[in-house]
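One-letter residues, chain by chain:
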Amino acid sequence: MLKKLKKRFILINLSILMSIFLAIFGGTYYLMYKTNVSQAMVLMEQIAQNTSISQKFPPKGGYNLDRKGPFPLNEGLMRNHFTASIDNTTQTLTITSNLESDTDLSGVESIVEDLYNRSTETGKVTINSLPFRYLKITRPEGTLFVFLDRSSEMTTLTQLALVLIFIGCITLIVLAVISFYLASWAIKPVALAWQKQQQFVADASHELKTPLTVIHTTTDVILANQHQTINEQRKWIDHIKSETERMSKLVSDLLYLAKIDSNEVLLKSASFDLSEAIINAALPLESVFFESGKELVLDIEPDLMFTGEEERIAQVAIILLDNALKHSPTQTQIMLSLKKEHEQFILAVKNKGVGIPPEHLDKIFERFYRADESRARDTGGYGLGLSIAKTIVSQHHGQISVKSIPNDETTFTVIFPTKISKRHQK
């Protein structure tokens, strides 16, 4: 999938660049061609103005080249032309050449006669394999044809085309190499997202497989003892209920994360007392801490007003406290503090325990990530709590971080801005 995406990226990139180069090179070639045509037409008009049908060629005093035009005249082309005139009175055809003496103009009479009968005034003809551009001027005394050799024009255009093709090929080769490395760099986020998605599916499947296996096995046990009463099989029913609740919580968390990823979760922002919200979230857990042989210490600065979704902020505090409860030994204190410092609200949860190894600190906020590879189920978690907490904090334009000393203290710190800019509010 990623290889196909990379190839498609390169092909699209090269196609766009090739289209741009074709447009630029084609425009350059066309502009050069039109410039040569315009220059040739101006030059032939100058020659016609300085040539009389009845006079001999060349005119006395040379050509008058004072006429102004959009393109500079190439006076060297004056040597590469000839004229043909037909007198209306005598119907005499006069050909005067300024070409090289060995230029073969045999058969030009029939060509001039054919052009004389045509209505077109300008065009291109070939005389004995020599390319010419012609201009037909009709006058009261007769008709004048000016033929200008196109050999130098065609040589210039051919050389220009070869140069453009050469530059285009070299440029495309260089850009192909650049596109290859650019594609590798560009699809890195996609590859990472794809890898995380595959890992996410694998982890979710693993986590769902365990409770489903327990439920299936327990159900078989109940069915194997159908003669027993519900009270006699209460232990197995309790197992099913426990695993169902665990699975329900997992599915709920997964749905919440999926809605966040698809931007379907909108904050219901309102001003509320942040201090009171944190206290209300922590107090129901005091009994859980007491039963676990641990002490919850609160250090909450009062009357701190915050704008956001109160329920989600309380959920962050509960997640951090639950995480500290699961990873701290008995007879220890867990401190929850909330203070205002430098236009910021700082929420911190500290606990002592085994700590988090340094190599895991930058990964613990990933979904389903656990520092213990054995995926021990004794803590009852799935590795989604901290990921959800980070998402909620980000939605409130805050930051969450962790510092840990192995076999000592671990501190999770959440920083919320006291004032949210209008851009963020929008």
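Please read these numbers as outputs of a predicted model, since none were measured by experiment.

Draft legend 1. Quick look at the pairing of strand β4 (residues 130–139). For β4, a buried count of seven out of 10 residues is recorded, marking the element as mostly surrounded by other parts of the structure. As judged from the eight bridges shared by β4 and strand β5 (residues 142–149), these two strands associate in the antiparallel manner. In the sheet register, Tyr134 faces β5, and the bridge partner there is Phe147. Between β4 and the antiparallel strand that follows it, β5, lie two residues.

Draft legend 2. Spotlight on unusual backbone geometry. Of note, His342 is a non-glycine position whose phi angle comes to about 50°, a positive value. For His342, the position within the fold is in the loop between β9 (333–340) and β10 (344–352). Looking at His342, the relative accessible area reads 76%, which means it is exposed. At Glu343, a residue that is not glycine, the phi angle is positive and equals roughly 60°. Among the structural elements, Glu343 can be located in the loop between β9 and β10.

Draft legend 3. Inspection of the pairing of strand β1 (residues 81–87) at higher detail. Counting buried positions over the seven residues of β1 gives six, a clear majority of the element. Sheet topology note: the β1/β5 ladder contains seven bridges and is antiparallel. The residue of β5 that forms the bridge with Thr83 is Val146. Sheet analysis places β1 next to strand β2 (residues 93–97), joined by five bridges and oriented antiparallel. If you follow Ala84 over to β2, its bridge partner there is Ile95. Adjacent in sequence and paired antiparallel, β1 and β2 are bridged by five residues, among which Gln91 carries a positive phi angle near 55°.

Draft legend 4. How the structure looks around the packing of aromatic side chains. This structure, assessed with the given rule, holds 10 aromatic pairs. For the ring pair Tyr134 and Phe147, a centre distance of 6.2 Å and an interplane angle of 40° mean the geometry is tilted. Within this pair, whereas Tyr134 is found in strand β4, its partner Phe147 is found in strand β5, the two being separated by 13 residues in sequence. Judged by relative accessible area, which is 3%, Tyr134 ranks as buried. Between Phe306 and Phe416, the aromatic rings sit 5.2 Å apart at their centres with planes inclined by 45°, giving tilted as the arrangement. Taken together, the residues Phe306 in strand β8 (residues 305–308) and Phe416 in strand β12 (residues 409–417) connect sequence positions 110 residues apart. For Phe416, a relative accessible area of 1% puts it in the buried group. Counting every residue linked through ring pairs, the aromatic cluster contains Phe82, Phe132, Tyr134, Phe145 and Phe147.

What counts and what doesn't
Residues numbered from 1 in each chain as written. Predicted model: local features only at pLDDT ≥ 70, side-chain atom pairs only at ≥ 80, totals over all residues. Heavy atoms only, no water. Buried < 20%, exposed > 50% of the residue type's maximum accessible area, 1.4 Å probe, protein only. Helix = DSSP H or I, 4+ residues; strand = E, 2+ residues; numbered from the N terminus. Pairing = 2+ DSSP bridges. Phe/Tyr/Trp six-rings, centres within 6.5 Å; stacked < 30°, edge-to-face > 60°.

Purely geometric numbers; function is a separate question.
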